Amino acid sequence: MKDIYKELAGAAIGAREMSYSPYSHFKVGAALLTKEGRIYTGCNIENAAYTPTNCAERTAFFKAVSEGEKHFRAIAIVGAAAGAGLPFDICPPCGVCRQVMMEFTNPETFEVILVRDADHYQTRLLKELLPDGFGPDHLFGEDA
Ligand code: THU
């Protein structure tokens, strides 16, 4: 285990504690690593109207981008029903979150870390989770 991924997994597990999920009772945490080594965390934030719900991964991305970050290496994700104990089953990101990752990362190198506990995780490249994904390059060309 790379030390930084262990730290990222721990940060995601901690962020999960902040989950606001009174409707699904499914708590998700994420920790996003910038190329410079900073970590931005996020949790899922639900809403009584349901559709405004924001996933943990997007919370982390939007926090980071809103503070000027645009270059990312990896994201750790952990999700499980409230009351579940470690180790959790893996929680792969939803399609909307995969698309948000596509906007701000290189799918060939960006790693998605699916966390079971701080010592057990699986990694995927974004290109494996979103093959042939549509991104900024398709609109503007690779040199834009
Ligand atoms: N959720 C996330 O936060 N991330 C995912 O990748 C999957 C789903 C949240 C949304 C909702 O609050 C709850 O989990 C159940 O879908």
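See above for the structure.
Residues numbered from 1 in each chain as written. Predicted model: local features only at pLDDT ≥ 70, side-chain atom pairs only at ≥ 80, totals over all residues. Heavy atoms only, no water.

Asks: Would you mind showing me how to read the overall build of the protein here?
Replies: Per the secondary structure count, the protein includes five helices and five strands. Against the compact-globule benchmark of 15 Å for 144 residues, the protein has a radius of gyration of 15 Å, which places it among compact chains. Principal axes of the C-alpha set define a box for the protein whose edges measure 50 × 40 × 30 Å. Looking at the 144 residues of the protein, the share that counts as buried comes to 42%. The long-range share in the protein, meaning contacts at least 24 apart out of those at least 6 apart in sequence, stands at 62%. (Helix = DSSP H or I, 4+ residues; strand = E, 2+ residues; numbered from the N terminus. Rg over C-alpha atoms; globule rule 2.2 N^0.38 Å. Buried < 20%, exposed > 50% of the residue type's maximum accessible area, 1.4 Å probe, protein only. Contact = heavy atoms within 4.5 Å.)

Asks: I'm lost on helix α3 (residues 95-104) in this one. Help?
Replies: In an α-helix, one full turn covers 3.6 residues, which means residues spaced three or four apart are oriented alike. Every buried residue of α3 is listed here: Cys97, Arg98, Val100, Met101 and Met102. As for α3, its buried residues are in contact with α2 (56-66), β3 (72-81), β4 (111-117), α4 (126-129) and α5 (136-140).

Asks: Please explain the packing of aromatic side chains as it appears in this structure.
Replies: The description of two aromatic rings rests on the distance between their centres and on the angle between their planes. One pass over the structure, following the stated rule, counts five aromatic pairs. On the numbers, 6.3 Å between centres and 25° between planes, the contact of Phe61 with Phe104 is stacked. Note that Phe61 is positioned in helix α2 and Phe104 in helix α3, a separation of 43 residues in sequence. Cluster of aromatic residues (ring-pair linked, three or more members): Phe61, Phe72, Phe104 and Phe110. (Phe/Tyr/Trp six-rings, centres within 6.5 Å; stacked < 30°, edge-to-face > 60°.)

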